[in-house]
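Here's the letter readout for the chains.
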Amino acid sequence: MSMYGRDPWGGPLEINATDSATDDDRSRNLGDFDRAALSRNLDETQQSWLLGPTEQKKKKYVDLGCIIVSRKIFKWTVGSILAAALLAGFITMIVKLAPRHKHHNPPPDNYTVALHKALMFFNAQKSGKLPKHNNVSWRGNSCLKDGQSDDSTMFKNLVGGYYDAGDAIKFNFPQSFALTMLSWSVIEYSAKYEAAGELAHVKDIIKWGTDYLLKTFNSSADTIDRIAAQVGKGDTSGGSTDPNDHYCWVRPEDIDYDRPVTECHSCSDLAAEMAAALASASIVFKDNKAYSQKLAHGAKTLFKFSRDQRGRYSVGNEAETFYNSTGYWDEFIWGAAWLYYATGNSSYLQLATTPGLAKHAGAFWGGPDYGVLSWDNKLTGAQVLLSRMRLFLSPGYPYEEILKTFHNQTSIIMCSYLPIFTSFNRTKGGLIQLNHGRPQPLQYVVNAAFLATLFSDYLEAADTPGWYCGPNFYSTDVLRRFAETQIDYILGKNPRKMSYVVGFGNHYPKRVHHRGASIPKNKVKYNCKGGWKWRDSSKVNPNIIVGAMVAGPDKHDGFHDVRSNYNYTEPTLAGNAGLVAALVALSGDRDVGVDKNTIFSAVPPMFPTPPPPPAPWKP
């Protein structure tokens, strides 16, 4: 019998019953196999033995969402990525662990090293309750009753400020000049201070001084009638034995005698210099709006007083012996220029550029000290300061004529600094004699070095390669070399191979004329005459007053490291301020010049005013 079925592919499927085995036969044939083996699943290989060739296995895939890839390719790709990551990590670990030479920044130049030290001098000169971070181990709180001990003054809180030199007197006149110079240097070279890591420090030094100046007059008023000009007394007559700040040789911390306050009611020079200090500092602190405005207001009050109550502050009082002012016209120009930059009020610029003021200040005639910037004469500084305006703002009429004169005079002064001219002599070692061989020359030299560097930077910032001295043209490099040779002399390149900045180099003055530095901090309190043994001792100072620039050598390059001779070994605020200014100007990267804009931040846009029309024509 036959049965027909349908082939799944469409053809007939014939099953022939005669060819099929009987049930018994099937059973018998199955008996030949292991029943246990047939009861479990066979793997593919075993099935292929039994059944023969089978259909080819289908590839397996991985669905990644956006694409479908072969599992084999997926595994290979992931494996390659992991292997690459492991290799990269291994290489990185080797590079990090392997010893290598670190790249070191170049060592700071001598000017930067000296700058760090020169600023420390001001920390050693602070009066009052010292901050914890003052970093002068042998100094402490001192003169905490200044003002209270003098019943004749209305200023009862005069704590703070700076001692002037090796004594404990606080003179507002040179102290204000020192603050103005420091502020000027910060305004021009803030990037260099920042690079040296000293910007916060120098601003702290300035603020310590300006906080004190604000106590010495009624800074909240618009009109005043007096200023506290000096705290302490420095009798040098030799006959008085009353305790005072010159007769007594004691540490400031041990002062227990009364310190008189000197007031002035007619002091144009002092008030205008204090105004310059506060006005320039207001630009330094322009980011602190409230404090900056307080300084600017105080500057305006002081300048108004200087103009209303004419007179020299040092007439008929002790200051005439120590810091005698020869006139106040230069301070009028100097103070007015700074007030214009601080406030933008054009009335100050009109005053600063008044030909009459310039004439009285000596701008149109020479003289032996013409071109020498000092705590007494600011004319040269004012001329450079106002030349800046002509170079960068070109205000034109009505200021152009006098600004051009100041610019020309500045150029002549710069020429006088050069060795090829004979305006000033030089020692055999090369130190310019700006004070014509008189004692204490270095304070004048550092001011000139600052102005020369600053003016050369002004010219370069104005894309001017140099300036004319008569028919000859000199590059700005010549000015900079002058400044470098003078500062290098002070730092040790001189016939004595001595640095005149304490703590710089290995050979520097060890017997500085300074009370605090010369008396050990040993809990022993000496009376006025008891400290004389330290004054007259030939031993080196027990305390190093780091950064102090001493008065300097004589006109023959000679120097005597003797404590009792202040003409050689005494440092001053004004001298160190000029040193700091010169050092920061010369320090660091030469390509980092002056800050052209900060000083003009309060100055309104300037457009040259057209000159007045000519008078109508008449037949």
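Residues numbered from 1 in each chain as written. Predicted model: local features only at pLDDT ≥ 70, side-chain atom pairs only at ≥ 80, totals over all residues. Heavy atoms only, no water.

## Concerning the overall build of the protein
- Secondary structure summary: the protein contains 21 helices and 9 strands in total.
- Burial statistics for the protein: of 619 residues in total, 50% are counted as buried.
- As displayed, the protein has an accessible area near 30,900 Å², and 55% of this comes from carbon and sulfur atoms. (Helix = DSSP H or I, 4+ residues; strand = E, 2+ residues; numbered from the N terminus. Buried < 20%, exposed > 50% of the residue type's maximum accessible area, 1.4 Å probe, protein only. Areas by Shrake-Rupley, 256 points an atom, 1.4 Å probe, with all protein chains shown as cover.)

## A short note on the state of the cysteines
- Applying the stated criterion to the full structure yields 3 disulfides.
- One disulfide in the model links Cys-264 with Cys-267; its S-S distance is 2.0 Å. Taking the torsion about the S-S bond as the criterion, the Cys-264 to Cys-267 disulfide, at about 65 degrees, is right-handed.
- Taking relative accessible area as the criterion, Cys-267 reaches 0% and is therefore assigned buried.
- Counting only the cysteines that form disulfides, in the order they appear in the protein, gives the pairing 1-6, 2-3, 4-5. (Disulfide = S-S within 2.5 Å.)

## Notes on the sheet that holds strand E6 (residues 227-231)
- The strand order E5-E6-E7 describes an open sheet built from 3 strands, whose pairing is antiparallel. At either margin of the open sheet sits one strand with a lone partner, and together these are strand E5 (170-171) and strand E7 (261-264).
- With 4 bridges joining them, E6 and E7 adopt antiparallel strand pairing. Within the sheet, the bridge partner assigned to Ile-227 lies in E7 and is Cys-264. (Pairing = 2+ DSSP bridges.)

## Some points on helix H7 (residues 199-213)
- Spanning 15 residues, H7 covers 21 Å between terminal C-alpha atoms, matching the ideal 21 Å at 1.5 Å per step.
- Here the buried face of H7 lies against helix H5 (110-124), E5, helix H6 (172-196), E6, helix H8 (268-284) and helix H9 (289-308). (Expected span 1.5 Å × (residues − 1). Contact = heavy atoms within 4.5 Å.)

## Describing the confidence of the model for the protein
- Counting all residues, the mean pLDDT for the protein is 88, and 85% of those residues have values of 70 or more.
- With pLDDT under 50 throughout, residues 1-40 is counted as low confidence; its partners more than four residues away or in other chains account for 17 contacts.
- Overall, residues 54-58 carries pLDDT values under 50, and its contacts beyond four positions in sequence, including any with other chains, amount to 0 contacts. (pLDDT = per-residue confidence, 0-100.)

## Examining the nonpolar core
- The biggest cluster of nonpolar side chains holds 164 residues, and the ones touching the most others in it are Trp-184, Ile-227, Trp-338, Tyr-341, Tyr-417, Phe-450 and Ile-487.
- Per element, the largest residue contribution to this core is 13 residues, and it comes from helix H16 (residues 442-461).
- Setting aside residues up to four positions removed in sequence, Tyr-341 forms contacts with Ile-283, Leu-385, Leu-386, Arg-388, Met-389, Ile-599, Phe-600, Ala-602 and Val-603.
- If you look at the next biggest cluster of nonpolar residues, it comprises 9 residues, including Cys-248, Ile-255, Tyr-257 and Cys-528. (Core = buried A, V, L, I, M, F, W, Y, C linked by side-chain atoms within 4.5 Å.)

## Thoughts on the pairing of E6
- Judged by how many residues are buried, E6 sits mostly within the fold: 5 of 5 residues are covered.
- Bridge analysis of E5 against E6 gives 2 bridges, and the strand direction is antiparallel. Each bridged residue has a counterpart across the sheet, and for Phe-171 the counterpart in E6 is Gln-230.

## A look at a nonpolar patch on the surface
- Residues Leu-87, Phe-90, Ile-91, Met-93 and Ile-94 make up a contiguous nonpolar surface patch of roughly 480 Å² in combined accessible area.
- Structurally, Ile-91 can be placed in helix H4 (residues 71-97). (Patch = residues over 30% accessible without salt bridge, like charges linked within 9 Å, V, L, I, M, F, W, Y side chains within 5 Å. Salt bridge = Lys/Arg side-chain N within 4 Å of Asp/Glu carboxyl O.)

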